[in-house]
Amino acid sequence: MSTHYTSHEELVRALNRNGQEHLAQQLNELGGSRREELFQQLVTYDWERLGRLVQTYVLSEGAVKIPEELQPAPYYPMTPAGPDQETQYRAAWAKGAQLVLEGKVALFTVAGGQGSRLGFEHPKGLFPASPIRRLSLFGWFAESLHHMQRRFRTVIPWYIMTSQTNHDATVGFFEENDYFGLDPQNLMFFSQAMLPAFDLETGKALLKSPTSLALSPNGHGGSLTAIRESGALADMSRRGIEHISYIQVDNPLVRPIDPLFIGLHALADSEMSSKMLPKREPMEKLGNFCMCADKLWVIEYSDMPVALAEEVDPGTGRLRFLAGSIAIHVLRVDFVERLTADPEQLGLPFHRAEKAVAYWDPACGAAVSPSGKNAVKLEMFVFDALPLCSRTVILETSREEEFAPIKDADGRGLDSPLVARRALIERGARWLEQNGVLVARDAAGEVAGMIEISPFVAIYPEDLQAYELPAQILEGDTFLL
Ligand code: UTP
């Protein structure tokens, strides 16, 4: 970790210059090893830079700049629009498959988040996501990776980004599970950077204890610098990896390695590509893919002007800004190289998130657990790299096939484990039906049994053709493949 100051005096001057006098004072009040402990943490931060961030993002709110004259972003439809596009998709699939089998594609999972909404006491990747076996999210992705490695007789290295808060538990989980049968040589775990949380009113960095700051991970956008600083980018170059398939840890429906998507991205010379799905409603809580002056932007739903979000395309009768971002991307390795060449100049903005953060109050020498929002956390978002690309590609996918993130605890929101497991059951049932199996459904049309199809077995419905399937699945049946 880099050190920005070599002496106490230098650090104290920087703290005082940047509105963090309370930290300087705390440092002076501590003695011996406790003082050294806080000093060692504080010197890892550039307080001039943090001071500027506090001014821009904590003490004022006008940080998010929405580009003007937004237009809907073009995208490749899920189903090719005609014979020419069909040919194009076939060529893209072949290209993607070729890149995978040549070992030029890596999987990258960001799993450094705190998962606070889910309220699960372990890292989110350990969450038992599958409907019958209750396999963890990490285990589920590992099966998918096995499938693709077997199918293309290749090695797909898997890079997993954690954060200080969950790194050891994540690595320990893989060890305990014997890396889910994957070769640990092809797995790499690394942590993203952490940033202090700042008091909402004063912009002062909060302490977690007398000798440490209250820190949180710097957002999934922090993955771009973390890839480089951890040595993962160099590892990718050594292995001849050209494209990074980026997924988040919370979506069990995702196809971690999608040859069509990778191929469309590669053939278009795209630097970073994204999957989208049609939004359910104008203000659905998904980022909006928008074009501005030939650059692709994701505008968060909360920043999207309502009037624009509600515009309807008279030709199709659908929303003009239909494309919602679901955090599935492919990035070129050389794009990440270019973007992170100078980590101080990454070029991604920060976003402020107001949160309740427990802290230690030096004024009264006690721990405080606030009931409401008291702090600002600063996060970078990976999709903010899109406007920095010379070329981008968007591919449409469907919610039913590829998107059911686990964000909320059951009963506390739409993106819950129950909904995700149900989506896996329904997808499994559809794939079985497409292969001639009769699946019992209830009056509401929902599958009346339990179905789980391991990604080890099938990634696409046609993969099931290789298996002996039952003629039907009756009400109350449990079917695991
Ligand atoms: P979310 O933004 O949904 O956050 O992350 P979260 O931490 O999982 O959950 P909440 O908001 O605290 O409830 C989306 C994805 O980005 C990763 C998460 O691990 C998840 O895969 N992420 C998020 C990081 O890797 N680092 C971060 O700093 C934030």
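Residues numbered from 1 in each chain as written. Predicted model: local features only at pLDDT ≥ 70, side-chain atom pairs only at ≥ 80, totals over all residues. Heavy atoms only, no water.

S.K.: Explain the site of the ligand to me, and be specific about the residues and the numbers.
M.R.: Neighbouring residues of the ligand: 19 residues in total, closest V110, S116, R117, Q192 and K407. The separation between an oxygen atom of the ligand and a polar side-chain atom of S116 is 2.6 Å. One nitrogen or oxygen atom from the main chain of V249 is found 3.0 Å from an oxygen atom belonging to the ligand. Burial of the ligand by the surrounding chains reaches 90%, relative to a free accessible area of 570 Å². (Near = heavy atom within 4 Å. Polar contact = N/O pair within 3.5 Å; in protein donor to acceptor, adjacent residues only side chain to side chain. Areas by Shrake-Rupley, 256 points an atom, 1.4 Å probe, with all protein chains shown as cover.)

S.K.: Outline the packing of helix α5 (residues 83-101) against helix α10 (residues 259-267), listing residues and values.
M.R.: Axis separation between α5 and α10 bottoms out at 6 Å; the angle between their running directions is 100°. Between α5 and α10, the angle falls in the class roughly perpendicular. Residues Y89, A91, A92, W93, K95, G96, A97, L99 and V100 of α5 pack against P259, L260, I262, G263, L264, A266 and L267 of α10. For the contact of α5 with α10, a count of residues per class yields 13 nonpolar, 2 polar and 1 charged. (Axes fitted to C-alpha atoms, helices over the stretch in contact; angles between N-to-C directions. Helix = DSSP H or I, 4+ residues; strand = E, 2+ residues; numbered from the N terminus. Parallel < 35°, antiparallel > 145°, perpendicular 65-115°, else oblique. Contact = heavy atoms within 4.5 Å. Nonpolar A, V, L, I, M, F, W, Y, C, P; charged D, E, K, R; others polar.)

S.K.: I'd like a description of unusual backbone geometry, backed by residues and values.
M.R.: Notably, E69 is not glycine yet its phi reads approximately 50°, a positive angle. Within the secondary structure, E69 is located in the loop between α4 (47-58) and β1 (71-72).

S.K.: I'd like a description of helix α2 (residues 21-29), backed by residues and values.
M.R.: All of the buried residues in α2 are H22, L23, A24, Q26 and L27. Where α2 is buried, its residues contact α1 (8-17), α3 (32-42), α4, β7 (207-209), β8 (212-213) and β16 (359-361). (Buried < 20%, exposed > 50% of the residue type's maximum accessible area, 1.4 Å probe, protein only.)

S.K.: Let's hear about the environment of T211: which residues, and what values?
M.R.: With respect to the secondary-structure elements, T211 resides in the loop between β7 and β8. Separated by 188 residues in sequence, T211 and L23 have C-alpha atoms that sit 9.9 Å apart. Ignoring any residue separated from it by four or fewer positions in sequence, one finds T211 in contact with L30, R34, E37, L38 and Q41. Only 3.2 Å separates the side chain of T211 from the side chain of E37, close enough to count as a polar contact.

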